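Structural features, examined
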Amino acid sequence: MQPTQHISSPLNLSSEQNEQIAMAVRILHKGGTVAFPTETVYGLGADVTSLVAINKIYNIKQRPIDHPLIVHIGNISHLQFWAQNIPESAWKLARHFWPGPLTLILPRSRHIPDSVTGGQDTVGLRIPAHPVAQALLNALGPEKALAAPSANRFGRISPTTAAHVYEELGTEVDMILDGGACEVGLESTIISFCDQSPKILRPGGIALSALESILNAPVILAHNQNQTVRTPGSLPAHYAPTTPLKLCPANQIGQSALAFAAQGLKILVITWSDIGKTEIPHDSIRHFSMPGDPILYGQQLYAKLRQFDHEAFDYMLIETPPDHPSWMAITDRLQRASYHPTYNNRNEYNDNEHK
Ligand code: TXA
Ligand code: MG
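Quick look at the structure, then.

Conventions we followed
- Residues numbered from 1 in each chain as written.
- Chains lettered and ligands numbered in written order.
- Predicted model: local features only at pLDDT ≥ 70, side-chain atom pairs only at ≥ 80, totals over all residues.
- Heavy atoms only, no water.
- Helix = DSSP H or I, 4+ residues; strand = E, 2+ residues; numbered from the N terminus.
- Buried < 20%, exposed > 50% of the residue type's maximum accessible area, 1.4 Å probe, protein only.
- Pairing = 2+ DSSP bridges.
- Axes fitted to C-alpha atoms, helices over the stretch in contact; angles between N-to-C directions.
- Contact = heavy atoms within 4.5 Å.
- Salt bridge = Lys/Arg side-chain N within 4 Å of Asp/Glu carboxyl O.
- Parallel < 35°, antiparallel > 145°, perpendicular 65-115°, else oblique.
- Left-handed = near helix turned anticlockwise from the far one by under 90°.
- Nonpolar A, V, L, I, M, F, W, Y, C, P; charged D, E, K, R; others polar.

In this section: unusual backbone geometry. In the segment running from Trp98 into Pro99, the intervening peptide bond is cis, with an omega of -5 degrees. Along the polypeptide, Pro99 turns up in the loop between helix H4 (88–97) and strand S4 (102–107). With phi around 50 degrees, Asn85 is a residue other than glycine that occupies positive phi space. The residue Asn85 is located in the loop between helix H3 (79–82) and H4 in this model. Note on Asn85: relative accessible area 62%, which makes it exposed. Its identity is not glycine, yet Asn216 carries a phi of approximately 60 degrees, on the positive side. Tracing the backbone shows Asn216 in the loop between helix H8 (208–215) and strand S10 (220–221).

What links the strands of a sheet is backbone hydrogen bonding, and the strands pair in either a parallel or an antiparallel sense. The strand order S11-S14-S12-S13 describes an open sheet built from 4 strands, whose pairing is parallel. Only two strands of the sheet have a single partner each, and these edge strands are strand S11 (245–248) and strand S13 (285–289). Sheet twist, expressed as the mean angle between neighbouring strand axes with direction ignored, is 20 degrees. Each of S11, strand S12 (267–271), S13 and strand S14 (315–319) touches helix H9 (residues 250–262); the most contacted strand, S14, lies at about 170 degrees to it.

Okay, the pattern of salt bridges next. Enumeration according to the criterion identifies 12 salt bridges in this entry. Two residues, Arg306 and Glu168, come together in a salt bridge whose shortest N-O distance is 3.2 Å. Here Arg306, found in helix H10 (residues 294–309), pairs with Glu168, found in helix H7 (residues 162–169); they are 138 residues apart in sequence, far enough to count as distant. Just as Arg306 is buried, Glu168 falls in that class too. Note that Arg333 is salt-bridged to Asp332, the shortest N-O span being 2.7 Å. Each member of the pair, Arg333 together with Asp332, is buried. Through salt bridges with shared partners, one network takes in Glu187, Asp332, Arg333 and Arg336.

What follows concerns the pairing of strand S5 (residues 122–126). Within S5, 5 of the 5 residues are buried, which leaves it mostly tucked inside the rest of the structure. Burial along S5 is two-sided: the residues Thr122, Gly124 and Arg126 and Val123 and Leu125 are all buried. Taken together, the 3 bridges between strand S3 (residues 70–72) and S5 define a ladder with parallel strand orientation. When the bridges of S5 are listed, Val71 appears paired with Leu125. Summarising the sheet, S4 and S5 pair through 4 bridges and their orientation is antiparallel. By the bridge assignment for S5, Leu106 is matched with Val123.

Turning next to the packing of helix H1 (residues 15–29) against helix H6 (residues 131–140). Two numbers describe how H1 lies on H6: the axes approach to 9 Å, and their chain directions differ by 55 degrees. In terms of axis orientation, H1 runs oblique to H6. As H1 runs across H6, the sense of the crossing is right-handed. Residues Gln17, Ile21, Ala24, Val25, Leu28 and His29 of H1 form the contact with H6, whose own contacting residues are Val132, Ala135, Leu136, Ala139 and Leu140. Of the residues in the contact of H1 with H6, the class split is 9 nonpolar, 2 polar and no charged.

Encoded structure:
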């Protein structure tokens, strides 16, 4: 297929947008790839049933083939087509939170090919809330679904605008649908129903407390590193900009920045609190204030990391987020973004964080 690289403008389901969606469906039916907006981040989509298209996703993302893809469906009534042995607690969450930023890991049905799950007998499923994603899924038809990882190269920052997708994947993707900036800005919460009790594999757009209140039971947070299942978002190094990133408590961030600057390094300090906002006067230190509200912080985080990654800083020092459940997904992403075993060799600044 000839690449039909195309970025359409964000529209409110106008006729132009419907044309874009019809074009996307034609590409998907032919085994092509289409990047599309969801409320969390942009996905790189392919027809679940097309082996050729699924292989393209792994190639474009440079992702190991044993890392499973999330399958996006259009309607809750399709859930039992793609999964089986669905426990009542999973139905409860699906009914309450879909469409929305929640992925359920369930035993897969025979309709899910091996290529999508990396050979595992489970599948991740969600209904995205973005109107463009929904229109695309509806236009694809009831027995179709979109396998879609985040539309970034393996290990990099997820894209939250169509321009970010283009920056990440360029003309390797056949089409990019533009639905504006993603509302949530962080990936979905992933909850597995494949053990005795539900387990969070990745904190995300839905808070743990919200899940617990619907299930009326405690939900366990999985210790990711020891999992046998391959989940890239659960590797210690992930969601990372190319600029080394370190988390620093508010009362140390100024001092750390000055110590780096004294070595001739160009430093970006990113804070969220008032205490962190204290001016740090130095020519090679720049300060940026993020919102103190976790929803707003989450919306902007990836876009800001991406923007600052282009500005040739030697280090980004990020104020440690509050130790509060509403910041869990942000802390998780920042810890993974800051994990890099080689960074500590670059200069004197050396500690045991995130090893
Ligand atoms: O918000 C999101 O979830 C976005 C949008 C596009 O929907 N998607 C996304 O996909 O973040 P991806 O592939 O970048 O991350 C999905 C995570 C990966 O860590 C993957 O390994 C895990 O979900 N996953 C998928 N299927 C799984 C399964 N059967 N068992 C365990 N983990 C699974
Ligand atoms: Mg991803």
